[in-house]
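# Inside the fold
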Amino acid sequence: MTVTVATLGFPRIGPKRELKFALEQHWAGKSSEAELLDAAAALRTAAWARQQALGADWLPSNDFSLYDHVLDTSVMLGAIPQRYGVAEGEATLSTYFAMARGTTGATESCGHNHGAGQTALEMTKWFDTNYHYMVPELTAGQRLTLNASKIVAEYREAKALGLETRPVLLGPVTWLTLAKGRDVDPFDFLDEVLGLYAVVLSHLKHAGAEWVQIDEPCLVLDLNDIQRAALTRAYARLARSGPQLMLTTYFGALDDNLNLALSLPVAGLHVDLVRAPQQIDAVLAKAPATLLLSLGVIDGRNIWRADLDAILARVAPIAAKRDIILAPSCSLLHTPVDLALERKLDPEVVQWLAFAVQKVEELAILKRALNEGQASVQDALAQSAQAAAARRTSSRIHDPAVAERMRAITPDMLARKTPYGDRRQIQEAALPLPAYPTTTIGSFPQTGEVRHARAEHGRGNLDTVAYGRFLREETERAIRWQEEIGLDMLVHGEFERNDMVQYFGEQLSGFAFTVSGWVQSYGSRCVRPPILYGDVSRPKPMTVDWWLYAQSLTEKPVKGMLTGPVTILNWSFVRDDQPREASCRQIALAIRDEVVDLEAAGAQAIQIDEAALREGLPLRQRDWQHYLDWAVECFRLGASGVADATQIHTHMCYSEFNDILPSIGAMDADVLSIETARSQMELLAAFADYRYPNAIGPGVYDIHAPRVPTTDEMVTLMRLAGQHLPPRQLWVNPDCGLKTRKWEEVRPALVAMVEAARALRAA
Ligand code: GLN
Ligand code: ZN
């Protein structure tokens, strides 16, 4: 039987973020459309050549995107909201970017003035990844029209290079599942959408494509009857003519959708055996012999080198009985491109890692081992085994002191000493504050000057003493200004932080940082997630000196400012050799040390941000509670080492709390600041129904827009809040940190906010 290799999709950004720079040049008006498209074509050519040279047999096409593959699909279907003002189906590149990024209303390159400017499509996270897609938007009565040029052109482009590719197409049911209907259920468009997909497939067949990879990751979600019926209807229609379909699922197990998936008349099925290794037995038991199975055995979501022997042991018996494709669990979009570009990482850590390029290499080794016998790749297998063994025992990873602390966690460490009601009185006595106390979320504007100084320091052009002096001056200015405008609880401003996770990761043991491990976050935005590779501990205090300095400048209380364990975990590449919750608990212990040290230094209020707690929710509802339980427990482990008089704050950057309120309550933070400015405080009704007892600061200043809100608006918002919750429970603060804003916006907005609090107190 033969084994072949597929990649399912390769990073689009290029090894050195070439796509980012090409896009940004173009958006800045410094390169033409043709130049941008040339750069994109060069990236595709290079990616194909690379994958082929590495040993991939099934090369993907149409996995490339100038911004986002969900947006590409929307454009393919002509699902272009009216506000972009294009005639049916006519989607130019500038329309595409308008949908992705909005327009400013300034005169566009076409010479027309587009008036007030158009908002972009909404953007949200792709399943449980940190990649963001543009949410498809459908309106009642909208007409869809086909624009298949991208997918067909990219297939032909590869063919002209002598390469046969398997085009990647986001499946219709997943696209509809991700879509948002305005006055309409997106699934009302099912038949229209299927009609267009059928035409796309026939175009591809006509162009010569024998196979199409059709991605339906919705198959790993809890599906309702409408979605299930849609899948049946869709594939009955799409499998009839056109290329053979490789139905591709990832990010979890098919589980209760397995029978449905196997009932669809497709020629192949890809399953994720990294997230859900256990599903292989059921798949093998039920899959007909004629179905081509594609096994996702290499982790497409993480950066670990695989244990090839272990994989071989699992797949060899399968490969003995049927043809199989070996593949990453999902598209390699979610991994950095090439480990060989990492020149500064510790060599011991490097041998444990594999980025996209190395993952294709691993697949090729597995393929040879199965097709030609293990002796043909003896050395490669031995190296892999060696790395896996080293990782199991390395003292860089396994710290007995951390293991001991983990064992010593007792239930009393997971809760404050006294219930909130009593704590509140103790805190009021220790730290008297006016009604409607005012504060901010932590960061102040990261101006060009701040970023420049950091970059110069990083390059070695600004010495540590001078950089430190610069940061202290910025901090002092921020403290003075906060005092001057009359805020009640101050912050130091976070000028010394590059990023709320990286700043802590760099100071904790167990984390490594790459120099070129970029992963696409959205459009041209890329991130370099920290790599959590080992047991976590905190060698020394991380923020205490900054807090001490800030507090030395003022009589007003300054909040200590930390990132919470769940957020640090969710925004990092994490260990696969222990459960996520174990890693999280270790981070929580380190944060607990910092909280205790801040208190000992004199901090009366400490904020522990959990910006990413909600987005860590598992894809299947039945797994939610388990996650929420350990996430809340980790927060509490971090927060509960302090005396009753110390006020613990937390901040969350979102407004969807309804389904997780009991867990938010269980976090038992003394003060919780949340995003509400855009939803007219509606969300507080849920807090009221739940009888949430602790203090809440519903954001009254939407920091996501440059607009400066007026005092009246903020008073109105707080009055709305007051209809849900008693005033004694309320704080007054912005929605989120102010780092992305300009001082020209922040100054008047916060002056107005303090004014609003005064007006409320006087009323
Ligand atoms: N303290 C952080 C800040 O103000 C919080 C940011 C966030 O929650 N995303 O920047
Ligand atoms: Zn926030």
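Residues numbered from 1 in each chain as written. Chains lettered and ligands numbered in written order. Predicted model: local features only at pLDDT ≥ 70, side-chain atom pairs only at ≥ 80, totals over all residues. Heavy atoms only, no water.

### Let's talk about the environment of proline 706
- Residue placement: proline 706 occurs in the loop between strand 21 (695-698) and helix 26 (711-724).
- When its relative accessible area of 52% is taken as the criterion, proline 706 is described as exposed.
- It is 9.5 Å that separates the C-alpha atoms of proline 706 and threonine 740, two residues lying 34 residues apart in sequence.
- Aside from chain neighbours lying at most four places away, what touches proline 706 is Arg741 and Glu745. (Helix = DSSP H or I, 4+ residues; strand = E, 2+ residues; numbered from the N terminus. Buried < 20%, exposed > 50% of the residue type's maximum accessible area, 1.4 Å probe, protein only. Contact = heavy atoms within 4.5 Å.)

### Quick look at the coordination of the zinc ion (ligand 2)
- All of the protein donors around the zinc ion (ligand 2) are His651 (NE2), Cys653 (SG) and Cys736 (SG); their distances to the metal are 2.0 to 2.1 Å.
- Geometry at the zinc ion (ligand 2) is irregular, judged from its 4 donor atoms and the angles of 75 to 123° they form at the metal.
- Each donor residue of the zinc ion (ligand 2) lies on the same chain, and together they follow the pattern H-x1-C-x82-C.
- Exposure remark for cysteine 653: the relative accessible area of 26% places this residue in the partly exposed category. (Donors = N, O, S within 2.8 Å, 3.2 Å for Na, K, Ca; no water. Tetrahedral: all angles 85-135°; square planar, octahedral: opposite > 155°, others 65-115°.)

### Brief notes about the sheet that holds strand 17 (residues 560-563)
- If you trace the 5 strands from one edge of the open sheet to the other, you get 17-18-19-20-21, paired in parallel fashion. Whereas interior strands pair on both sides, the edge strands pair on one side only; in this sheet they are strand 17 and strand 21. Averaged over all adjacent pairs, the angle separating strand axes in this sheet is 20°, with direction ignored.
- Summarising the sheet, strand 17 and strand 18 (residues 605-609) pair through 4 bridges and their orientation is parallel. Its bridge partner lying in strand 18, glycine 560 is registered against isoleucine 606. (Pairing = 2+ DSSP bridges. Axes fitted to C-alpha atoms, helices over the stretch in contact; angles between N-to-C directions.)

### Section: the confidence of the model for the protein chain
- For the protein chain, per-residue confidence averages 95 on the pLDDT scale, and residues scoring 70 or more make up 98% of the total.
- A low-confidence stretch, residues 106-115 stays under pLDDT 50, and its non-local contacts, those more than four residues away or across chains, total 8 contacts. (pLDDT = per-residue confidence, 0-100.)

### What about the state of the cysteines?
- This structure, assessed with the given rule, holds 0 disulfides.
- With no disulfide of its own, cysteine 584 lies closest to cysteine 634 among cysteine sulfurs, the gap being 3.6 Å. (Disulfide = S-S within 2.5 Å.)

### Examining unusual backbone geometry
- Even without being glycine, tyrosine 436 reaches a positive phi, approximately 45°.
- In this structure, aspartate 668 is a non-glycine residue whose phi angle is positive, near 60°.
- Residue position: aspartate 668 is located in the loop between helix 24 (661-667) and strand 20 (671-674).
- Taking relative accessible area as the criterion, aspartate 668 reaches 19% and is therefore assigned buried.

### Here we look at the pattern of salt bridges
- Scanning the entire structure with this criterion turns up 47 salt bridges.
- Between aspartate 128 and arginine 301 there is a salt bridge; the shortest N-O distance is 3.0 Å. With aspartate 128 in the loop between strand 3 (123-125) and strand 4 (132-134) and arginine 301 in the loop between strand 11 (292-298) and helix 11 (308-319), the pair connects residues that are 173 residues apart, well separated along the chain.
- Between aspartate 597 and arginine 538 there is a salt bridge, with the nearest N and O atoms lying 2.6 Å from each other. Remark: arginine 538 occurs in the loop between strand 16 (531-537) and helix 20 (544-552) and aspartate 597 occurs in helix 22 (residues 580-601); sequence separation between them is 59 residues.
- On the basis of relative accessible area, aspartate 597 is assigned to the partly exposed category, the value being 26%. (Salt bridge = Lys/Arg side-chain N within 4 Å of Asp/Glu carboxyl O.)

### As for the environment of threonine 177
- Looking at where threonine 177 falls in the secondary structure, it is placed in helix 6 (residues 172-178).
- With 395 residues separating them in the primary sequence, threonine 177 and serine 572 have C-alpha atoms 27 Å apart.

### Regarding helix 7 (residues 190-207)
- Between its first and last C-alpha atoms helix 7 spans 26 Å; for 18 residues at 1.5 Å apiece the expected length is 26 Å, and the two agree.
- Those residues of helix 7 not exposed but buried are Leu190, Val193, Leu194, Gly195, Leu196, Tyr197, Val200, Leu201, Leu204 and Ala207.
- A positive backbone phi angle near 120° is found at glycine 208, which sits one or two residues after helix 7. (Expected span 1.5 Å × (residues − 1).)

### Some details on the site of ligand 1
- Taken together, 13 residues form the shell around ligand 1, and within it Ser443, Glu494, Asp609, His651 and Cys653 come nearest.
- Take isoleucine 441: an N or O atom from its main chain is 3.1 Å from a nitrogen atom of ligand 1.
- Between glutamate 494 and ligand 1, the recorded distance is 2.9 Å, taken from a side-chain N or O atom to a nitrogen atom.
- Protein burial of ligand 1: of its 290 Å² of free accessible surface, 94% is covered by the chains.
- Looking at side-chain class alone, the shell around ligand 1 contains 6 nonpolar, 4 polar and 3 charged residues. (Near = heavy atom within 4 Å. Polar contact = N/O pair within 3.5 Å; in protein donor to acceptor, adjacent residues only side chain to side chain. Areas by Shrake-Rupley, 256 points an atom, 1.4 Å probe, with all protein chains shown as cover. Nonpolar A, V, L, I, M, F, W, Y, C, P; charged D, E, K, R; others polar.)

### Points about the nonpolar core
- Phe444, Phe657, Ile664, Phe687 and Leu750 are the most contacted members of the largest nonpolar core, which totals 106 residues.
- Other than its neighbours up to four places away in sequence, phenylalanine 687 contacts Phe657, Leu661, Ile664, Leu672, Ile674, Tyr692, Ile696 and Leu725.
- Judged by nonpolar contacts, the second largest core, of 101 residues, contains Trp48, Phe187, Ile214 and Leu273. (Core = buried A, V, L, I, M, F, W, Y, C linked by side-chain atoms within 4.5 Å.)

### Details of the packing of aromatic side chains
- One pass over the structure, following the stated rule, counts 17 aromatic pairs.
- For the pair tryptophan 352 and tyrosine 533, a centre-to-centre distance of 6.3 Å together with 40° between the ring planes defines the contact as tilted. Note that tryptophan 352 is positioned in the loop between helix 12 (347-350) and helix 13 (356-372) and tyrosine 533 in strand 16, a separation of 181 residues in sequence. Each member of the pair, tryptophan 352 as well as tyrosine 533, is classed as buried.
- Look at tyrosine 627 and tryptophan 630: their rings are 5.1 Å apart centre to centre, the planes differ by 80°, and that puts the pair in the edge-to-face class. Remark: tryptophan 630 and tyrosine 627 occur in helix 23 (residues 624-639); sequence separation between them is 3 residues, near one turn of the helix. Each member of the pair, tyrosine 627 together with tryptophan 630, is buried.
- A network of ring pairs unites the aromatic residues Trp126, Phe127, Tyr133, Tyr250 and Phe251 as a single cluster.
- Taking NZ or CZ as reference, arginine 44 lies 5.0 Å from the ring centre of phenylalanine 64, over its face.
- Against the face of phenylalanine 251 rests arginine 301, its NZ or CZ located 4.8 Å from the ring centre. (Phe/Tyr/Trp six-rings, centres within 6.5 Å; stacked < 30°, edge-to-face > 60°. Lys NZ or Arg CZ within 6 Å of the ring centre and 35° of its normal.)

### Looking at the packing of helix 7 against helix 8 (residues 225-238)
- Close contact between helix 7 and helix 8 brings their axes to 10 Å; oriented N to C, the two are set at 30°. Regarding the angle of helix 7 to helix 8, the classification is roughly parallel. At the point where helix 7 passes helix 8, the crossing takes the right-handed sense. Note on element contacts: helix 8 touches helix 7 through Ala230, Arg233, Ala234, Arg237 and Leu238, opposite Leu190, Asp191, Leu194, Gly195, Tyr197, Ala198 and Leu201. (Parallel < 35°, antiparallel > 145°, perpendicular 65-115°, else oblique. Left-handed = near helix turned anticlockwise from the far one by under 90°.)

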